[in-house]
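Listed below, chain by chain, are the residues.
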Amino acid sequence: MMQYLVILLDDTSVSYCHADNPYKERRLINLDDLRAGIRYAMTENLMIQFVYPDYALPKEYLDVIDTIDHHDIVPYPLKGDVVVIENGELRVENLADAVVVVRLKKAELFDSGEAIAATLPKVQRLNVVVTDLETFTDEDLKRYNTLLDQWAAVLNAEYLHGRTPQLNLLTDRMMLTKPNHCNAGVENITLAPDGRFYICPDFYYSQAEPVGDLQSGPAIPNQQLLRLDHTPLCRHCDAYHCRRCVWMNRQTTLEVNTPSHEQCIVAHTERNAARRLLESIRKEATFMPEVEIKEIDYLDPFDVRKEW
Amino acid sequence: MQKVRKNDNAWQSGRAKNITFIVTKDCQLACKYCYLVGKNVKERMSWETAKAFIDYVLSHENEFREESVVWDFIGGEPFLEIELIDKICDYLKLRMFELNHHWFNSYRFSFSTNGINYHTPEVQNFIQKNREHLSIGITIDGTEKKHDLNRVWKQATPNANGITQPSERGSYKDVVKNIPLWLSQFPDAGTKVTISSADIPYITESVLHLYSLGIHQVNINVVFEDVWQEGDDKRFEEQLMQLADAIIDGGWYQDYACSFFSEHIGKPLDPELDNQNWCGAGRMLSVDAAGNLYPCTRFAQYSLRSKKALVIGNIHDGINQNLLRPFLTLDRTTQSPQKCLDCEVASGCAWCQGENYDAAQTNTIYERSTAICLMHKARVRANNYYWNKLYRKLELEGRREEYEANKRDVKPEIC
Ligand code: SF4
Ligand code: SF4
Ligand code: SF4
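This one's a predicted model, so the numbers in the text were calculated from it and none came from an experiment.

**A word on the interface of chain A and chain B**
Taken together, the contact between chain A and chain B spans 23 residues of the former and 22 residues of the latter. Here chain A meets chain B over a buried area of about 2,000 Å², counting both sides, of which 52% is carbon and sulfur. Linking chain A with chain B are two salt bridges, by the criterion used here. One salt bridge in this structure joins A:Asp300 and B:Arg325, with 2.7 Å as the shortest N-O distance. Along the contact surface separating chain A from chain B lie 11 residue pairs in polar contact (both at pLDDT 80 or more).

Shown next as structure tokens:
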């Protein structure tokens, strides 16, 4: 069931997920479209997440935004519920209350091991988004594994001291007993500055087809393929924290319901690191007794699929 | 000539890899139902492309683990390129031997031809040379009238886009003259017949005609495309019942088979146990003249009406394995609408992944087209009639057990 409406306020709104936003020219959403989007969310009982550009919005926009309960997703250094940091430096001073999203490429990730480790005790929640996930090789995985263990050591110490900072790559899986994917097009939908609906912001940024407009509302063709029960691999998978990114699926395999090898092996490397972290916390304390992460000997569910 | 089907079990159990060379997009005919919407005279495979493809496949033995291989040649009309094909086959044999490849001695060459060039010295020499490893199917649609309804010669000049156009001249006589030679060389060979809306009235006479030519196995299918008119299912059912009467009353059922009638069809399917995909796309591999690779020829541009070709790689970079994943994880339930999951007569109701892709609302292979729904249901009713009638007759004659022990098992043809 739909629960969220994401509204991109401007063509240059910050990207908080996998795709880069290629738009450089400012174009605000039309004020009437913004009002209509809010009305739509109210009638459908959707929680709105506004996504901001890096400049201050005109007052009449802020007034309209204020007419509804919502969350703000903003680029650093603006203030919001979710603050997105791109291009390098991890600055989290005064962000203790926000969810911090760091978007970086694999190479930057491998250079940021220390910085992320040092950041973890200072935030409530850090989401690390690797934007070129599809380039991961087996060699990269080894390095990634080492990084995850390094961060796990920091988290282990924090948790044993009763503090519980979250790192999406490790702690999410540790706390989940069922899948918690992105669910774009199923639980959330995006209204873009052109006044039309898209499956998620990345579909808009990559110039995919819209899936409806404000007059008739969203109508996603083959919407069932976005649902977990229509994904032959993911529906049997217990990398519950995985984004199961349907946009990345489409980019890499041409099908929204089929993940790439790389998305799976990265998620499973995280899953296995979360398993080790959970074990090590449990050596000292009782923690999340309802969660069980089994030992498995594969990283890609495709390799153990049922063969017909 | 020796019979060729020595190793039938391995070939039929799906353990063979099917690798198709689209050697040409040209054909002497311009059949009216031909799904190859972009057939043209320009795209012929070069020897360099064929060789690079073979080198790629044979040097990646790890990615092709199937026990055996069928090297398939299609067109257009493949025998238009017999010289190239001969060279390809020689090279394949040589390289499989030199590399000590696990396919050496476990391969065959397969052709679907319109039969027009079958008797020529070039084709006959090729057959003599490779006869131990060969299967050849000639397409003939039935009686002269039925055959010539669709299978007509093309016009001498293509249209402005290089696309061939149909003429008025039927090809029956040019094909049927080669049938005796073909059957003397391949006595077990079968023919493929494709039924579209206009063909329905001719089904019975066509199948009987093919039997009378000496063809024992008639593989017959309705097209997957959405071509059906209101009332076609009733007409189809009546034709099939007539055919059932003719086959049973005429005693043809003992030595001849028609794939329309099968004991395996028309039953409900279990969502867990019977969840396999129908077609082999993705388990097969095709290459075209440009060196592009496809999960099946049906995904090449010349086979598609409304979608872009689905290319999974090329002879230089190899296969993008991520693009194969949707094909290799596809199952029946994920792609089927609810009515098919609840269907009481679902078994044997086929689909073609390529047609599904072409007809889908989005660019997906996961949306099953059910254009044949009413036709399948009609077939199931006629099929039930056939078996009830046949078994009653055999029982009355006290021959049921004898029949059961010797019957030809007609498996639903996969593609
Ligand atoms: S790890 Fe792979 S199979 Fe599992 S949910 Fe993620 S994308 Fe799907
Ligand atoms: S297409 Fe029709 S006949 Fe075939 S399985 Fe679906 S509902 Fe049954
Ligand atoms: S059914 Fe269609 S897509 Fe499948 S293998 Fe046959 S032609 Fe190709």
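**Notes on the site of ligand 1**
Within the structure, ligand 1 sits among A:His181, A:Cys234, A:Cys237, A:Ala239, A:Cys242, A:Pro259, A:Cys264, A:Ala267, A:His268 and A:Pro301. Taken together, the residues of the shell around ligand 1 break down into eight nonpolar, two polar and no charged.

**Structural notes on the pairing of strand E5 (residues 99-104) of chain A**
All names here are of chain A. Counting buried positions along E5 yields five of six residues, so the element is predominantly enclosed. Pairing geometry for strand E4 (residues 82-85) and E5, over four bridges, is parallel. Bridge pairing in E5 links Val-82 to Val-99. Looking at chain direction, E5 and strand E6 (residues 125-130) are connected through six bridges and run parallel. Paired with Val-102 across the two strands is Val-128, which belongs to E6.

**A closer look at the domain arrangement of chain B**
All names here are of chain B. Once the domains are mapped, chain B shows domain 1 (9-141 + 151-169 + 278-329) and domain 2 (189-277 + 334-415). Between the C-alpha centres of domain 1 and domain 2 there is a distance of 26 Å. In this assembly, 25 residues from domain 1 lie in contact with 33 residues from domain 2. Together domain 1 and domain 2 conceal approximately 2,400 Å² of surface at their shared face, both sides included; 54% is due to carbon and sulfur atoms. Across the domain 1-domain 2 interface, the total number found is five salt bridges. Between Glu-355 and Arg-305 there is a salt bridge, with its nearest N and O atoms 3.0 Å apart. Our count for the contact surface shared by domain 1 and domain 2 stands at 15 residue pairs in polar contact (both at pLDDT 80 or more). Its residues assigned to classes, the side of domain 1 that touches domain 2 shows 14 nonpolar, six polar and five charged.

**Regarding the sheet that holds strand E7 (residues 190-195) of chain B**
All names here are of chain B. Spatially, the three strands line up as an open sheet ordered E7-E8-E9, and their pairing is parallel. The sheet is open, and its two edges are formed by E7 and strand E9 (257-258), each paired on a single side. In terms of strand pairing, strand E8 (residues 217-222) meets E9 through two bridges, oriented parallel. Note that in E9 the partner of Gln-217 across the bridge is Ala-257.

**With respect to the pattern of salt bridges**
Taken as a whole and assessed by the stated rule, the structure comprises 48 salt bridges over all chains. A salt bridge links A:Glu139 to A:Lys142, with the shortest nitrogen-to-oxygen separation between them at 3.3 Å. Of this pair, A:Glu139 and A:Lys142 both sit in helix H5 (residues 138-160), three residues apart, which is roughly one turn of that helix. Each of B:Glu225, B:Arg298, B:Arg305, B:Glu355 and B:Asp358 takes part in one network of salt bridges that share partners.

**A closer look at the sheet that holds strand E1 (residues 16-22) of chain B**
All names here are of chain B. If you walk across this open sheet you meet the eight strands as E4-E3-E2-E1-E10-E11-E12-E13, and the pairing is mixed. Of all strands in the sheet, those bounded by a partner on one side alone are strand E4 (134-138) and strand E13 (318-319). Taken together, the five bridges between strand E3 (residues 107-113) and E4 define a ladder with parallel strand orientation. Across the sheet, the residue bridging to Phe-109 is Leu-134, located in E4.

**Section: the nonpolar core**
In this structure, A:Leu34, A:Leu109, A:Trp151, B:Phe21 and B:Trp71 are the most contacted members of the largest nonpolar core, which totals 212 residues. The contact partners of A:Leu34, leaving out residues within four places of it in the chain, are A:Ile7, A:Leu9, A:Ile29, A:Phe50, A:Tyr61, A:Val64 and A:Ile65.

**Structural notes on the site of ligand 2**
Residues and elements named next belong to chain B. Around ligand 2 sit Lys-339, Cys-340, Cys-343, Ala-346, Cys-349, Arg-368, Thr-370, Cys-373, His-376 and Lys-377, and those are all the residues in its vicinity. Per-element accounting of the shell around ligand 2 gives the leading share, three residues, to helix H14 (residues 373-396). Looking at the shell around ligand 2, its residues break down into five nonpolar, two polar and three charged.

Reading guide: rules and limits
- Residues numbered from 1 in each chain as written.
- Chains lettered and ligands numbered in written order.
- Predicted model: local features only at pLDDT ≥ 70, side-chain atom pairs only at ≥ 80, totals over all residues.
- Heavy atoms only, no water.
- Contact = heavy atoms within 4.5 Å.
- Buried area = accessible area lost by both parts, 1.4 Å probe.
- Salt bridge = Lys/Arg side-chain N within 4 Å of Asp/Glu carboxyl O.
- Polar contact = N/O pair within 3.5 Å; in protein donor to acceptor, adjacent residues only side chain to side chain.
- Near = heavy atom within 4 Å.
- Nonpolar A, V, L, I, M, F, W, Y, C, P; charged D, E, K, R; others polar.
- Buried < 20%, exposed > 50% of the residue type's maximum accessible area, 1.4 Å probe, protein only.
- Helix = DSSP H or I, 4+ residues; strand = E, 2+ residues; numbered from the N terminus.
- Pairing = 2+ DSSP bridges.
- Domains from an automatic or database assignment.
- Core = buried A, V, L, I, M, F, W, Y, C linked by side-chain atoms within 4.5 Å.

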